[in-house]
Amino acid sequence: MTATHTRPAHTARQEWATGLTTFGAVILFLVGLLDIFRGIMAIAEDDIFVTTRNYVFEWDLTGWGWIHLVLGALAVIISIGLLKVSVWARVAGVAIAGLVIIANFLSLPYYPVWSVVMIALSGFIIWALCVVQRDNLFDMSGERPPSEERPPHRA
């Protein structure tokens, strides 16, 4: 006689939580990718951005480019961790989205519309990652957690 083990039924709350985390991961990936491109543009060619005078946070655009490049690379790496439903990735995702907001706020005079768009997207990321409780998440990688694995069959 064999025992059949099934996975617990998905609840609407768990699916909603998993969807929000996936949303946060995908948007964080896109924000990171766009920040990488913005960083490359600022490092490679300073003529793309508008220069301003008498700005309190005046830096060389190459410096801003490196900041955006590093933040973008970290955001892409963290977004991959979010798809694995890691607690460290949720905490780091909120932190990196906050840093992206600060960096885009400080670079508002150089590219105002784009900075506002990035700030809004990062705000959605923080919201999506903070509103979900850890107990409601499914692992999106398809791997079973150790608690759900089938015990060895004994005859």
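Just so it is clear, the model here is predicted, and its values are computed rather than measured. (Residues numbered from 1 in each chain as written. Predicted model: local features only at pLDDT ≥ 70, side-chain atom pairs only at ≥ 80, totals over all residues. Heavy atoms only, no water.)

Q: Is there a simple way to think about the overall build of the protein in this case?
A: The number of helices and strands found in the protein is 4 helices and 0 strands. Ordered by position from the N terminus, the helices and strands of the protein form the series α-α-α-α. When the 155 residues of the protein are sorted by exposure, 35% land in the buried category. Of all intrachain contacts in the protein linking residues separated by at least 6 positions in sequence, the fraction that spans at least 24 positions is 78%. Carbon and sulfur atoms make up 68% of the accessible area of the protein, which totals about 9,600 Å². (Helix = DSSP H or I, 4+ residues; strand = E, 2+ residues; numbered from the N terminus. Buried < 20%, exposed > 50% of the residue type's maximum accessible area, 1.4 Å probe, protein only. Contact = heavy atoms within 4.5 Å. Areas by Shrake-Rupley, 256 points an atom, 1.4 Å probe, with all protein chains shown as cover.)

Q: Can you walk me through helix 3 (residues 87-106) in this structure?
A: The α-helix winds at 3.6 residues per turn, so residues separated by three or four positions along the chain end up facing the same way. If you check helix 3, its first and last C-alpha atoms are 29 Å apart, about what 20 residues at 1.5 Å a residue would give, namely 28 Å. Among all positions of helix 3, only A89, R90, G93, I96, A97, V100, A103, N104 and L106 are buried. (Expected span 1.5 Å × (residues − 1).)

Q: How do you make sense of the packing of helix 2 (residues 61-83) against helix 3 when you look at a structure like this?
A: Helices that pack against each other are described as a pair by the angle of their axes relative to one another and the distance between those axes. As a packed pair, helix 2 and helix 3 sit with axes 9 Å apart at the nearest point and diverge in direction by 155°. By the angle between their directions, the pair helix 2 and helix 3 is classed as roughly antiparallel. In this structure, helix 2 crosses over helix 3, and the sense of that crossing is left-handed. Residues W64, I67, H68, L71, L74, A75, I78, G81 and L82 of helix 2 form the contact with helix 3, whose own contacting residues are W88, A89, R90, A92, G93, I96, L99, V100, A103, N104 and L106. For the contact of helix 2 with helix 3, the residue count by class is 15 nonpolar, 4 polar and 1 charged. (Axes fitted to C-alpha atoms, helices over the stretch in contact; angles between N-to-C directions. Parallel < 35°, antiparallel > 145°, perpendicular 65-115°, else oblique. Left-handed = near helix turned anticlockwise from the far one by under 90°. Nonpolar A, V, L, I, M, F, W, Y, C, P; charged D, E, K, R; others polar.)

Q: Whenever I open this one, helix 2 confuses me. Can you help?
A: Over its 23 residues, helix 2 runs 33 Å from end to end, which matches the ideal 33 Å to within 8%, given 1.5 Å per residue. Phi for V85, located one or two positions after helix 2, is positive at around 55°.

Q: How do you make sense of the confidence of the model for the protein when you look at a structure like this?
A: Close inspection of predicted coordinates is inappropriate for parts of the model with low pLDDT. Mean pLDDT over the protein: 77, with 68% of residues reaching 70 or higher. Here helix 1 (residues 12-44) stands out as the element of the protein with the lowest mean pLDDT, 84, in contrast to helix 3, whose mean of 90 is the highest. Contacts from residues 144-149, a stretch scored under 50 in pLDDT, to residues over four places away or in other chains number 5 contacts. (pLDDT = per-residue confidence, 0-100.)

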